[in-house]
Amino acid sequence: MDNPLLSICITSYNRPEQLKRCLSCIQTSNPDLIEVIISEDCSPSKDLIINIVDDFTRTSSFRVLLNVNEKNLGYDRNYYKLLKLASGKYL
């Protein structure tokens with residue numbers, strides 16, 4: 001796939017239910033134009049968040065990238081990491 005038109009960047013720290021709800025809201029008739037990037041910031045709910053993203057990846061037609069930080073970066077640096085991972089024209 002060429003670079004997508006839109007990168008949806010989602011920070012995640014210890015909020016699995018909110019992440020699940022957020023991912024379920026992403027809809028389009030052109031999934032090949034969108035990538036979804038989630039950056040998990042070493043939270044206590046890391047394993048549950050990874051499972052939620054795995055389920056979303058299996059059931060969606062979006063390009064999905066999950067980044068799991070080895071140590072907690074804090075919100076600002078975690079968000080900056082998302083921006084570096086994004087390849088879309090728009091974020």
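For the structure, see preceding data.
Since the model is a prediction, treat every value here as computed from it, not as a measurement.

Another point: the packing of helix H1 (residues 16–24) against helix H2 (residues 46–59). Where H1 meets H2, the closest approach of the two axes is 9 Å, and the angle between their N-to-C directions is 15°. Put simply, H1 runs roughly parallel to H2. Judged by the twist between their axes, the crossing of H1 over H2 is right-handed. Along its contact with H1, which presents Pro 16, Leu 19, Lys 20 and Leu 23, the element H2 presents Leu 48, Ile 49, Ile 52, Val 53 and Phe 56. Residues that form the contact of H1 with H2 fall into these classes: 8 nonpolar, no polar and 1 charged.

What follows deals with the pattern of salt bridges. All chains considered together, the criterion is met by 2 salt bridges. Salt-bridge contacts for Glu 35 lead to Arg 63; the nearest nitrogen and oxygen are separated by 3.3 Å. With Glu 35 in strand S2 (residues 34–40) and Arg 63 in strand S3 (residues 63–68), this pair connects stretches of sequence that are 28 residues apart. For Glu 35, a relative accessible area of 1% gives the class buried. For Arg 58, the salt bridge identified is with Asp 55, shortest N-O distance 2.3 Å. Pair noted here: Arg 58 and Asp 55 are both in helix H2, with a separation of 3 residues, about one helical turn.

Moving on: the sheet that holds S3. Taken in spatial order, the 3 strands of this open sheet run S1-S2-S3, and their pairing is parallel. Strand pairing shows two members of the sheet lacking a second neighbour, strand S1 (6–12) and S3, which therefore form its edges. Strand-to-strand twist across the sheet, computed as the mean angle between neighbouring axes with direction ignored, equals 15°. As paired strands, S2 and S3 are joined by 6 bridges and run parallel to one another.

Quick notes on the rules
- Residues numbered from 1 in each chain as written.
- Predicted model: local features only at pLDDT ≥ 70, side-chain atom pairs only at ≥ 80, totals over all residues.
- Heavy atoms only, no water.
- Axes fitted to C-alpha atoms, helices over the stretch in contact; angles between N-to-C directions.
- Helix = DSSP H or I, 4+ residues; strand = E, 2+ residues; numbered from the N terminus.
- Parallel < 35°, antiparallel > 145°, perpendicular 65-115°, else oblique.
- Left-handed = near helix turned anticlockwise from the far one by under 90°.
- Contact = heavy atoms within 4.5 Å.
- Nonpolar A, V, L, I, M, F, W, Y, C, P; charged D, E, K, R; others polar.
- Salt bridge = Lys/Arg side-chain N within 4 Å of Asp/Glu carboxyl O.
- Buried < 20%, exposed > 50% of the residue type's maximum accessible area, 1.4 Å probe, protein only.
- Pairing = 2+ DSSP bridges.

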